[in-house]
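Each chain, written out:
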Amino acid sequence: MDYAATRDEALARVAAAQDLGALEALRVEFLGKQGSISGLLKTLGAMSAEERQTTGPQIHALREGVSDALGARKDALETAALDARLASETVDLTLPAPESARGSVHPVSQVMDELAEIFADMGFAVATGPEIEDDWHNFTALNIPESHPARAMHDTFYFPDRDADGRAMLLRTHTSPVQIRAMLADGAPIRIIAPGRVYRSDSDATHTPMFHQVEGLVIDKGITLGHLKWTLETFLKAFFEREDIVLRLRPSYFPFTEPSVEVDVGFAIVNGKRVLGGSGDAPGHGWMELLGSGMVNRKVIAAGGLDPDEWQGFAFGAGIDRLAMLKYGMDDLRAFFDGDVRWLAHYGFNPNDVPTLSGGVGTAA
Amino acid sequence: MKFSLSWLKDHLETEASAEAIAEKLSAIGLELESLEDPAARLSGFVVARVLTAERHPNADKLQVLSVDTGEGQPLQVVCGAPNARAGLVGVLGLPGAVVPAGGFELKKSAIRGVESNGMMCSTRELELGEDHDGIIELPGDAPVGTAFAAYHGSDPVFDVAITPNRPDCMGVYGIARDLAAAGLGTLKPIAAQAVPGNFPCPMPIRTDDPEGCPAFYGRVIRGVKNGPSPQWIQDRLKSAGQRPISALVDLTNYVMLAYGRPAHAYDLTQLSGAVFARRARDGETCLALNGKEYTLDAAMTVIADDNGVHDIAGIMGGEHSGCTEATSDVLLEVAYFDPVRIGDTGRKLNLTSDARQRFERGVDPAFLDAGLELLTTLIVEICGGEPSEVIRAGEPPKGTKVIAYNPVMAETLGGVAIAEGEQRAILHALGFAADAQWNVTAPSWRPDVDGAPDIVEEVVRIHGLDGVASTPLPRTDGVVRPTATAVQRLERKVRRAVAARGLNEAITWSFLPEAEAEHFAEGNGGLWLLANPISEEMKAMRPSLLPGLLSAARRNLDRGAAGLGLFELGRRYLRGPSGHSDERLTLGVVLAGEKTPRGWASGKAQMFDAFDAKAEALALLAEAGAPVDNLQVMGEAGAQFHPGQSATLRLGPKTVLARFGMVHPATLKHFDVDVPVAAVELFLDAIPGKRGAATFARMHYAPPALQAVKRDFAFLVDAALPAGDLVRAVRSADKANVVAVRLFDDFRGQGVPEGQKSLAVEVTLQPGEKSYDEAELKAIAERITAAAAKLGAMLRG
């Protein structure tokens, strides 16, 4: 028998099989139980040993050759089928993916977190107090008696109400009443900052009736104006992440501090905007008023229930909205309180940008 | 407080430049607001003589001048002024000079083909007057070639902000004293000479209100001639921003501005009987010099005669008895008024004046006589007349304070070590007296000084705050300790969680229109309403965060936003005990309009719905650490919400942790919002805190070895049964085995009887030590169907 011819014919038919069904039919025809090649294998048993010696390998080679061809053809057909299916499944990936909204943290909140982080490193905790205050905490305890001209400097929002002690209720005009509350609650020594909403009856292009302040208070033994200067320098250097911040202290007056100092910081005009850094006396530079501060008035320490002969300290106050504007470049205070999602998306912060000392408290543009 | 350099030099012998003085003023606490130097404005303008004037060859109305500037060749200048002519001495602006009116820079140019090297100026162009009919004509002997600023006399003007504690610097003299102490020159003594009276004062004066007016000094001057005051007085007053009126008025103002000593001059003929200080009577009126009538009360002090009130004491004189051009006899009043009384009266009347500013800060009680003599001298010198003797009623307070001081405090409080000798010198220059033991007596003009820290301030500010060296605060050992309280950590976490869910944080006003606040306040027990709001829109403290956010949403929708998510973390203002507030930390969320815009895959735009609000509420409560698995969904979200699409999340029946749902259409209409809005309010203050000290190790957990089994159950239930009730019943049917129940189908319609619905749940069963066999699974299923049956649920076949 011409096994070679049988093989060639079988291979030709395998190669011509157009789908997996036809291929399976060929497998059954050749290699199935009743298959033609399976039949040839069965003939081996009836052969003499000599005949089997020569014919056996030929039949086995025939079976292997066809079996391999069937396998290869099957792989090829399957690959072709998969390719065809994938080709039919093609999508246009220039189409837009589902959108997910991006949220943001308000600049005031972000800056408050930055302040908390920086001052924590200097040992300051964050204290709070009510925004609806009584006039004792907001004025009297801070050495601003009823008739004091300084009361007129604060454009105060009043309520018609009085508390159980007969004190007039008002919206706090500054975060300073937290000084009194902290001293009364915790005694001394104290290191706190108190950020929060404050209110003045004032509304124009650069003033809003509600804004944010941060108060700082240190009460301890042997605290001097030098500690105040160091604290503010250290804070501003950390906040603006610049080593060249230069402060200028100027004598001023606040009823709750004595001596009182206004703190100016040097800046340069860069691309039309104020950039802090350098001495205000350097060419192309100027000074801007940034903070009010001073050594806590003895009367205020006494109002806080502490002995002013034993304890002394300093306090400062700064506008948070203003710090945010200076650092992050906003120029319209009113926009802070409008809730315009376009503004919030632009000036707000990615919630993952949590201020940390190791990563730098600021978030780069 | 504004004053000119030459006025300052009346009192201060100094060679210092205006710039040096300006810098020093700020350095010692007299904050410079501005320094206006006319010389700088007039630089580039010189006195020049017109040599020749020829017709312009190409223009009828122009002339070509040859102008002598005092040096070099005469300049050719084209000029259109009708008075330009040969021989005229005027003011030439050279190329490069900036014309004050208009602010443009002069350049060499060609006018109608003729070269012009500058501009001959009018008074209006130099902002020296209104005249613009022609160019300035100076006297013929004006020195050609000198800078016009030098010729004209330029006097720099300082504007200084005086803090309320420094009444002594409400006069130029006090400022000069401070500058002298700071080393900028020598203070000239006040040249107050007693002017002898020629006759007894014919007008009796007295004070019937010794509390409000402890001292009232006066004298009459007969036969004065009131007219315009001399130029030098007018110049001084103008530099202070005051309009000259007449000599008598100007001189009282001059004494006030120069020495911080207010005074008043009455026209004697308008007074009758005695003149005296007394309390006003309730309802009494006074027509003041500003032309307004003020209604007074018994807490106010006035100066009156037998006929009525002539002066709101220490604040403003009366119209009727003021000096006029015709005045010939005057009564001068120099008094001391109680600062508190003046402040109260001024605030009540809403009336400010230069006099009030000084009296309410506290004028020098030892300067009444000197002030009166200075004023008398000036009036007699300028207006003539014959002064009477001085008459005095009452006595000003003594108020001499002695303060025990220790010079080491400059360092221990002020942070700068200053030698004792320098401290003594500073205090002496400021008028303080210190004895050998450092008992320091403050001068009568410094009512603000009442303790050792005040002395420190004086010494340090004059010495210079530059000397204060930065001193580090002591640090605690090791790494800084955490400082944030539990509430602060909660607030920070929730804020970033909401933002991470795609919402933008807004900050809105704490105050609302009263009607909006009222609508959201139900059950809150009284709004906080401002007595003096900026507007009715900002009157009530918010009892909820939602109204502010709804208004913000409206503004965004008006600007074209189709959908948005806003949140705010802040306080609600409620009533607390003892008349105080109860301010509660709250999270408000609004989801307005489109949740997803129309899309190629999703089709039409999808609006936010109540389940979006529920998802935010639950996710954020979980972030806040609330036990969300134990919360009950209940009703009563409030009248601001859609009654059928809103709910509260409660821990137990009473503690409401959140409310959420669709905002009521009527509420939306009030806020002018015409898209559906879902909202959430999370009451962060109601979330129970963690008990006990924080531990870091978690409870022990090892994932079960055997795989969990899932079984589906479909029940027919009454259509009104809340799905949550069925889920809860199934979950508690077999707590040992059921670990999760997920509702995945809510179907009504074909195959489900009318009035019923089919609810399908996927139950997760967790085997313990060994796998379930068929009998166990059957028993669990029976327990589940039995528990459901108690709610009337039938297992679907």
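Residues numbered from 1 in each chain as written. Chains lettered and ligands numbered in written order. Predicted model: local features only at pLDDT ≥ 70, side-chain atom pairs only at ≥ 80, totals over all residues.

Novice: Explain the pairing of strand β3 (residues 158-162) of chain A to me, please; I cannot follow it from the model alone.
Specialist: Working note: regular strand, side chains alternate between the two faces of the sheet. Residues and elements named next belong to chain A. In this sheet, strand β4 (residues 168-171) lies alongside β3 in antiparallel orientation, the contact comprising two bridges. If you follow Y158 over to β4, its bridge partner there is L170. Remark: five residues form the turn of the hairpin made by β3 and β4, two consecutive strands paired antiparallel; G166 in that turn has positive phi of roughly 80°. (Pairing = 2+ DSSP bridges. Helix = DSSP H or I, 4+ residues; strand = E, 2+ residues; numbered from the N terminus.)

Novice: Looking at this structure, I do not really get the confidence of the model for chain B. What am I missing?
Specialist: Caution applies to low-pLDDT parts of the model: their predicted coordinates are not meant to be read in detail. Here chain B averages 92 in pLDDT, while 99% of its residues score no lower than 70. We note a pTM of 0.86 for the whole complex and an ipTM of 0.89 for its interfaces. (pLDDT = per-residue confidence, 0-100.)

Novice: Which parts of the structure should I look at to understand the packing of helix α5 (residues 107-121) of chain A against helix α9 (residues 225-240) of chain A?
Specialist: Helices that pack against each other are described as a pair by the angle of their axes relative to one another and the distance between those axes. All names here are of chain A. Closest axis-to-axis distance for the α5/α9 pair is 10 Å, and the angle between their directions is 130°. The angle between α5 and α9 places the two elements in the oblique class. For α5 against α9, the interelement crossing comes out right-handed. Between α5 and α9, the contacting residues are E114, I118 and F119 on the first element and F235, A238 and F239 on the second. (Axes fitted to C-alpha atoms, helices over the stretch in contact; angles between N-to-C directions. Parallel < 35°, antiparallel > 145°, perpendicular 65-115°, else oblique. Left-handed = near helix turned anticlockwise from the far one by under 90°. Contact = placed C-beta atoms within 7 Å.)

Novice: I tried to follow the sheet that holds strand β27 (residues 439-441) of chain B on my own but got confused; where do I start?
Specialist: Backbone-to-backbone hydrogen bonds join strands into a sheet, with any given pair of strands oriented parallel or antiparallel. Read from one edge to the other, the open sheet built from three strands follows the order β25-β27-β26 (chain B), with strand pairing classed as antiparallel. The two strands at the open ends of the sheet, each matched to only one other strand, are β25 (402-404) and β26 (433-434) of chain B.

Novice: Help me understand the packing of helix α12 (residues 420-429) of chain B against helix α13 (residues 452-463) of chain B, please; the structure alone is not making it clear to me.
Specialist: Residue and element names in this part refer to chain B. For the pair α12 and α13, the least separation of the axes is 10 Å and the interaxial angle reads 100°. The orientation of α12 relative to α13 falls into the category roughly perpendicular. Taken together, the residues of α13 that come into contact with α12 (itself represented by E422, Q423, I426 and L427) are E458, V459, I462 and H463. Residue composition of the contact of α12 with α13, grouped by class: four nonpolar, two polar and two charged. (Nonpolar A, V, L, I, M, F, W, Y, C, P; charged D, E, K, R; others polar.)

Novice: Is there a simple way to explain the interface of chain B and chain A in this structure?
Specialist: Accessible area lost when the parts come together is the quantity often used to give the size of an interface. Across the boundary between the two partners, chain B contributes 77 residues, which contact 72 residues of chain A. When residues in the side of chain B that touches chain A are grouped by element, the largest group, seven residues, is from helix α14 (residues 486-500) of chain B. Looking at the side of chain B that touches chain A residue by residue, the classes come out as 35 nonpolar, 25 polar and 17 charged.

Novice: Any chance you could explain the domain arrangement of chain B here in plain terms?
Specialist: All names here are of chain B. Splitting chain B by domain gives domain 1 (2-37 + 156-187), domain 2 (40-152), domain 3 (205-394), domain 4 (415-467), domain 5 (486-686) and domain 6 (709-795). If you average the C-alpha positions of domain 1 and of domain 3, the two centres end up 26 Å apart. At the interface, 13 residues of domain 1 touch 15 residues of domain 3. Those elements that place two or more of their residues in the side of domain 1 that touches domain 3 are β1 (2-4) and α5 (172-181). (Domains from an automatic or database assignment.)

Novice: Quick question: what am I supposed to make of unusual backbone geometry here?
Specialist: That bond from A188 of chain A to P189 of chain A is cis: its omega, -5°, falls within 30 degrees of zero. Take P189 of chain A: it is sitting in the loop between α8 (177-186) and β5 (190-199). Residue P259 of chain A is reached from E258 of chain A by a cis peptide bond, and omega for that bond is -5°. Summarising the element assignment, P259 of chain A is placed in strand β8 (residues 257-270). With a phi angle near 60°, S578 of chain B is a residue other than glycine that sits in the positive phi range. Following the sequence through the fold, S578 of chain B ends up in the loop between β31 (563-575) and β32 (581-596). With a phi angle near 65°, D672 of chain B is a residue other than glycine that sits in the positive phi range. Of note, D672 of chain B is situated in the loop between α18 (665-670) and β37 (677-683). The exposed category is assigned to D672 of chain B, around which 12 C-beta atoms lie within 10 Å. (Buried ≥ 20, exposed ≤ 12 C-beta atoms within 10 Å, placed from the backbone.)

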